[in-house]
Amino acid sequence: MRLIYAAFFVVIAAFDVSLAQPLQDPIVSGDARTLPVVARHGMVVSQEERASRIGVDVLKAGGNAVDAAVATGFALAVTLPRAGNVGGGGFMLVHLAKQNRTVAIDYREAAPSAARRDMFLDQNGHFVPSLSQSSGLAVGVPGTVAGFALALEKYGSGKFSLADLLAPAIALARDGFEVEDDLAVSLRAVERRLMRHATTRAIFRHADGTALESGHRLVQRDLAATLQRIAQQGAGGFYEGETADRLVAAVRAAGGIMTLDDMKRYRAIEREAVRGTYRGYDVVSMPPPSSGGVHVIQILNMLERFPLAELGHNSAAGIHLMAEAMKRAYADREIYLGDPDFVRVPVAGLISKDYAAGLAAQISPDRATPAEDISAGRPPGFESDQTTHYSVVDRDGNAVSNTTTLNFSYGLGMVADGTGILLNNELDDFASTPGAPNAYGLRGGAANAPEAGKRPLSSMSPAMVFRNGELELVTGSPGGSRIITIVLQILVNVLDHRLNVAEASEAVRVHHQLHPDELRVERGLSIDTIRILEAMGHKVRPQRATGSTQTIQRRDGYLYGAADTRQRGTAAIGY
Ligand code: GLY
C-alpha cells in the first residue's frame, strides 16, 4: 500500500503546488504532514488490527462490504471487549452502490417491557446514577446479533453464511490472542469497576488474580461457545435457549428486570437514513433513535452560512462559529430527540435549511452566547469514549459505516455467567428525570424518558458523504456525547479545509454541548487562539484526546484510509 502511495506521490510532487492556492487534490498533496493508507480495491478501518484484517480477508475472498463488516464486528467483540460486543447495540449504515441506496439499520438496545419512567429514581423522585449505570436495571436488550444477522441476510453478498463470518472470531475467543498495550491499559483504567464481578475477573484476570498485561494471552472460552451457538442456530441461538437463559439470569441477579420474552421479541429495525446537503455534497447519517445524524446535518446547515474555509482551519473565528452552532443543536437535542417509535421527532424541521438560517442568524461573529440564553428553537413541522466505529468499502463501492457500543468502557463491567458476554449499561442514555445529566453530562426531557420497549437516545453518528451520487467518505467515531461534534469536524476538515483524511483525523478537536457551558479543546490548540476564544466569552477547558475516528475516503479509483492514532491498536488495512 505504501508503495502505491509512494508512486503516486512522486507523480504529484512533480507539480508545483503553491502554498497560496487551495489544493486541488489534498489527498496526495506534497504538503501533507500525515498520510492516509492507500488501497485500490477494498478497505476496512477499525480500532483493532486483527478485526480489520479479518474484514479485509473477507473482501479478498469475494465478500462485499456487509460481509466484511459482520466479520469485523464479531471479531471486535473478542479483540476489543471494551466496546466491540454481542451484549450491546449500535447503528449500521449500508450503502448499496448498484441501487444507489443507503439504508440505516437500528440495532440499538431496547428497554425491557417492565421499564418505567421512574425506574432510576429514588422514593423522593431523585435520580440515582448507580441504578442507571451499574445495576442490572441499566441493561438494555442487546441488539448486535439481530443487527448483524439482518444486515447479512438482506445485504450480504450471499457467498458467506453467518457461521463463515463468525469462524475467525470463534477461533480468536477459543484459542486466545496476545494482549497488546491498548487492551491492557483499558483494563487497568476501569479495574475497580470490572474486577468487583467474579465472572469478569475469571476472564480478564489470571487464575492467581494477577492482571493481564501486554504479551499475555486472553482466552474467552465461554464467549467462543456463545458465538458457536449463533453460528449454529442464527440469531435464535442468542435470543433464545442457553445464551438468553444465562443472560437474563445474570441481569436479574444484578437487580434488573429483563425477561426471556424481552430477548425473544427483540428486533433490529431498518430505518430511513437522514439526509442533508453541505456545499454541494450529500451527507447521509443515522436517524433517531440516534441524535447523531440530525445534529451533524443541523450544525452543517448553520455552518454553511459562514465562509469556514476562508477563516482557516482551527482559527479562533472558525472554532467560535462551530461552538455556537453546536450549542444551538444540543439545545434542541435536549428537548426534541428520542425514539421515533415513541415520540414524534421533528426531523425534517431540525434539518431544514430555513430553520438553520434562523439559528445561524442568532450567532454573533465575535461573542459567545451564554448557555442560559440559549433554549431549544421551534423547528418547522413541529407538529462514551467507549463506543467503537469501523468503516468498510468494497471494490464495487458498497460501504458500511458502523458504530457500536456497550455504553461505558466494558459496559456494566459484568460478564453474564457462562456466556463470556459483557453486559451493556445503555439505559443510562435515557433522560431519567428532566435536567438531570447522564454520565456524559447530557440532559433531556420527556422525549427521551425511559419507557417499556423504548430505545435510549444515542449520539452515535455513522456517516457517509456523496458527490454527484458517488460515495466519497465513510466515517464515524466513539466518544459519547462528543461523537456528533467529532464526526462534524471530520466532515468540515475534509470538505471545507481540504485536509486529507489522516490530517483530518489528527487535527485538534473542540467540543461544546451547551451544558456544561464550556468549550472543550484538545491539547495542541495554540495559546493565542485560546486567548481570542476566551476574549469572545468562551469558557475554554482542556479535554483529553477525544474519539477514535475510522475513516475511508474514496476518490479517483483509490481508497484512502485513516485510523485515528489517539488510541493504540487502530488499523486501516486495504488491498
Ligand atoms: N452510549 C453512547 C451513545 O449511544 O451515544
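Throughout this document, residue positions are counted from 1 along each chain, in the order its sequence is written. In keeping with the predicted nature of the model, local features appear solely for residues at pLDDT of at least 70, side-chain atom pairs appear and are counted solely at 80 or more, and the whole-chain, interface and lining totals rest on all residues. Remark: hydrogens and water are excluded; side-chain values derive from all non-hydrogen atoms of the structure.

## Focus on empty space enclosed by the protein
Reported here for the second largest cavity is a volume of approximately 100 Å³. Residue lining of the second largest cavity: 14 residues in total, with E48, T79, E180, D182 and L183 positioned closest to the centre. Residues of the lining of the second largest cavity, tallied by class, amount to five nonpolar, three polar and six charged. Of the grid points, spaced at 1 Å and generated over the protein atoms alone, those admitting a 1.4 Å probe that cannot get out make up cavities, while open sets with protein on both sides within 12 Å along at least five of seven lines make up pockets; any residue with an atom within 4 Å of a point is treated as lining. Grid points are joined across faces, edges and corners, and a volume is the space filled by probe spheres set on the points. Side-chain classes follow a simple rule in which Ala, Val, Leu, Ile, Met, Phe, Trp, Tyr, Cys and Pro form the nonpolar group, Asp, Glu, Lys and Arg form the charged group, and the remainder, Gly included, forms the polar group.

## Overview of the environment of A151
Helix and strand assignments follow DSSP, with helices taken as H or I runs no shorter than four residues and strands as E runs no shorter than two, numbered in order from the N terminus. Examined against the element boundaries, A151 turns out to sit in helix α5 (residues 144-155). The buried label applies to any residue whose accessible area, calculated with a 1.4 Å probe on protein chains only, is under 20% of its type's maximum; exposed applies above 50%, and partly exposed to all values in between. A relative accessible area of 0% means that A151 is categorised as buried. Residues A151 and T277, spaced 126 residues apart in sequence, show a C-alpha to C-alpha distance of 26 Å.

## Notes on the site of the ligand
Only a single heavy atom is needed: when it lies within 4 Å of a molecule or strand, its residue is near that molecule or strand. Close contacts around the ligand come from R108, N407, E426, D429, S458, S459 and M460, and that covers them all. The definition of a polar contact used here is a pair of N or O atoms within 3.5 Å, where within protein one atom must be able to donate a hydrogen and the other to accept one, and adjacent residues in sequence count solely through side-chain atom pairs. Here R108 contributes a side-chain N or O atom positioned 2.9 Å from an oxygen atom of the ligand. The side chain of N407 places a nitrogen or oxygen atom 2.8 Å from a nitrogen atom of the ligand. Out of a free accessible area of 200 Å², the ligand has 98% covered by protein chains. Residue classes in the shell around the ligand are distributed as one nonpolar, three polar and three charged. Here the Shrake-Rupley method, with its probe set to 1.4 Å, supplies the accessible areas, and only the displayed protein chains count as covering residues.

## Digging into the packing of helix α6 (residues 162-175) against helix α10 (residues 221-233)
At a minimum axis distance of 8 Å, the contact between α6 and α10 shows a crossing angle of 170°. With respect to α10, the axis of α6 lies roughly antiparallel. Taken together, the residues of α10 that come into contact with α6 (itself represented by L162, A163, L166, A169, I170, A173 and R174) are R221, L223, A224, L227, Q228, I230 and A231. Of the residues that constitute the contact of α6 with α10, the class distribution is eleven nonpolar, one polar and two charged. Every angle, taken between N-to-C directions, lies between 0 and 180 degrees, and every axis is a line fitted to C-alpha atoms, over only the stretch in contact when it is a helix. For classification purposes, angles smaller than 35 degrees are called roughly parallel, those larger than 145 roughly antiparallel, those between 65 and 115 roughly perpendicular, and all remaining angles oblique. In this description, contact between two residues means that some pair of their heavy atoms is separated by no more than 4.5 Å.

## With respect to the packing of helix α3 (residues 65-79) against α5
The contact between α3 and α5 brings their axes to 9 Å, and the two run at 160°. Considered as vectors, α3 and α5 are oriented roughly antiparallel to each other. Seen along the crossing, α3 lies across α5 with a hand that is left-handed. The residues of α5 that touch α3, namely those facing V66, D67, V70, G73 and F74, are F148, A151, L152 and Y155. Its residues placed into classes, the contact of α3 with α5 shows seven nonpolar, one polar and one charged. If you view the pair so one helix is near and one far, a crossing is left-handed when the near helix is turned anticlockwise from the far one by less than a right angle, and right-handed when it is turned clockwise.

## Examining the packing of aromatic side chains
The criterion for an aromatic pair is that two Phe, Tyr or Trp rings (for Trp, the six-membered ring) have centres within 6.5 Å, with stacked assigned to planes under 30 degrees apart, edge-to-face to planes over 60 apart and tilted to the rest. For the structure on display, the rule yields six aromatic pairs. Ring centres 5.9 Å apart and planes at 75° place the aromatic pair F204 and Y410 in the edge-to-face group. Taking relative accessible area as the criterion, F204 reaches 2% and is therefore assigned buried. Two conditions define a charge located above a ring, namely a distance within 6 Å from the ring centre to NZ of Lys or CZ of Arg, and an angle within 35 degrees of the ring normal. The residue whose ring lies beneath R40 is Y558, and the NZ or CZ to ring-centre distance is 4.5 Å. Just above the ring of Y281 sits the side chain of R467; from NZ or CZ to the centre is 4.4 Å.

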